[in-house]
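Examination of the molecular architecture
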Amino acid sequence: MKSEIEVLKKQKNAVILAHYYERSEIQEIADFIGDSLALAQIAKDTDADMIVFCGVKFMAETAKILSPKKKVLLPVFDAGCPMADMATKEAVLKKKEELGNPVVVSYVNTNADVKSVSDICCTSANAVNVVQSLKEDKILFVPDKNLGEYVKENVKDKDVYLWDGYCPTHELFSLKELENLKKEHPNARVAVHPESPKAVRDAADFIGSTSGIINYAQNEDADEFIIGTEEGVLFELKRTTTDKQFYIIGKSSICENMKKTKIEDLYNALKLERYEITLDREIMEKAYEPIKRMVEIKRV
Ligand code: 13P
Ligand code: SF4
């Protein structure tokens, strides 16, 4: 199947993008693996005719909005993100009115209609820089309360209002689990994703996106790392380091949606050109500007 995927890819001038949380078999065959910011940038710049996005729906939608003329495929049609579904366009507009018209910053983990009513998007890699870049002081941050709180802690001169959303995978990390791991591995450095709860973030040596965590563990002069994010990052960490040990908080931290894509789904996606991302034209046009602003802002 892998060699057939290679053939189909060439025939169709397709590029395969995979997030770090995807199954190892998918990361192995992808042309690019990355965090959500890197993959959005690649989707914007690629000269392929077709983008097969092995990730979740909001990522493929973002790719489509940035490259509207390309065919963007999501190999599993219901690979969604529960956090993205925690904010609707109507609820965001209502909250915006209640708060007296703040600037809406939406995490890229949102559905396209929410992006279409946002002023700017961000990823976990550049959220602090995005909020810092704004001239306005009043901000509604949607939908992740943990990432929003992290931004608030780092941008003290702005009023940041939080939404009540969260990632079901990261939200489960507890300080107790982290402390137990620290007892077992007292020399380990702790690197966590900002979607983690505050108690876990506060006990970390490093907070950053999936790429940020990987870079930190690759470059930090330590042999052991406690990692607070989805276990898919272990593939890249093990591939690129030798003699380093990694321990995931919560033992098996899995995003079920990222794990839905199997090699046969990727093969079928390329062969049958499914499942194509199509979006309402007006939503795409309105969501373009906030996403374009996002990809122009540097990671921390
Ligand atoms: P990154 O922005 O670090 O890739 O994370 C995306 C995500 O969905 C985290 O749960
Ligand atoms: Fe969404 Fe969490 Fe999965 Fe990331 S890990 S895609 S935020 S459910």
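Now for a look at the structure at hand. (Residues numbered from 1 in each chain as written. Chains lettered and ligands numbered in written order. Predicted model: local features only at pLDDT ≥ 70, side-chain atom pairs only at ≥ 80, totals over all residues. Heavy atoms only, no water.)

Quick word on the packing of aromatic side chains
The tally for this structure, following the rule as stated, stands at four aromatic pairs. Between the aromatic rings of Phe206 and Tyr216, the centroid separation amounts to 4.7 Å while the plane-to-plane angle is 10°, which identifies the pairing as stacked. Linking Phe206 in strand S10 (residues 206–207) with Tyr216 in helix H11 (residues 210–219), this pair joins segments that are 10 residues apart in sequence. Exposure remark for Tyr216: the relative accessible area of 12% places this residue in the buried category. (Phe/Tyr/Trp six-rings, centres within 6.5 Å; stacked < 30°, edge-to-face > 60°. Helix = DSSP H or I, 4+ residues; strand = E, 2+ residues; numbered from the N terminus. Buried < 20%, exposed > 50% of the residue type's maximum accessible area, 1.4 Å probe, protein only.)

As for the sheet that holds S10
Read across the sheet, four strands follow the order S10-S9-S11-S12 without closing on themselves; strand pairing throughout is parallel. Edge positions in the open sheet fall to S10 and strand S12 (245–248), since each of these has one partner strand only. Of the strand pairs in this sheet, strand S9 (residues 189–192) and S10 are connected by two bridges, and their pairing is parallel. Residue Ala191 lies in a different strand from S10, and its bridge partner there is Phe206. On the sheet, helix H9 (residues 175–184) packs against S9, strand S11 (224–228) and S12 and is oriented at approximately 170° with respect to S11. Sitting on the sheet, helix H12 (residues 233–240) is in contact with S11 and S12, with an inclination near 170° to S12. (Pairing = 2+ DSSP bridges. Contact = heavy atoms within 4.5 Å. Axes fitted to C-alpha atoms, helices over the stretch in contact; angles between N-to-C directions.)

Side note on the sheet that holds strand S6 (residues 120–122)
Within the open sheet, the four strands sit side by side as S6-S5-S7-S8. Their pairing is parallel. The sheet terminates laterally at S6 and strand S8 (159–162), the two strands that pair on one side only. Averaged over neighbouring strand pairs, the angle between their axes works out to 30° when direction is ignored. Inspection of the sheet shows strand S7 (residues 138–142) paired to S8 by four bridges, in the parallel sense. Bridge pairing in S8 links Leu140 to Tyr161. Sitting on the sheet, helix H5 (residues 89–98) touches strand S5 (103–107) and S7, and the angle it makes with S7 is about 160°. Running at roughly 170° to S8, helix H8 (residues 145–154) makes contact with S5, S7 and S8 of the sheet.

A look at the pairing of S5
Counting buried positions along S5 yields five of five residues, so the element is predominantly enclosed. Neither face of S5 is open: one carries Val103, Val105 and Tyr107, the other Val104 and Ser106, and all of them are buried. Looking at chain direction, S5 and S7 are connected through four bridges and run parallel. If you follow Val104 over to S7, its bridge partner there is Leu140. Pairing of S5 with S6 involves three bridges; the strand directions are parallel. Bridging across to S6, Val105 finds its partner in Ile120.

Regarding the site of ligand 2
Contacts to ligand 2 come from Tyr21, Val56, Cys81, Pro82, Met83, Asn109, Cys167, Glu195, Cys255 and Met258. Counted by class, the shell around ligand 2 contains eight nonpolar, one polar and one charged residues. (Near = heavy atom within 4 Å. Nonpolar A, V, L, I, M, F, W, Y, C, P; charged D, E, K, R; others polar.)

Looking at the side chain of Arg201
Mapped onto the elements of the fold, Arg201 is located in helix H10 (residues 198–202). Once residues within four sequence positions are removed from consideration, Arg201 is found in contact with Asn146, Glu149, Tyr150, Glu153, Val192, His193, Pro194, Ser196 and Ile207.

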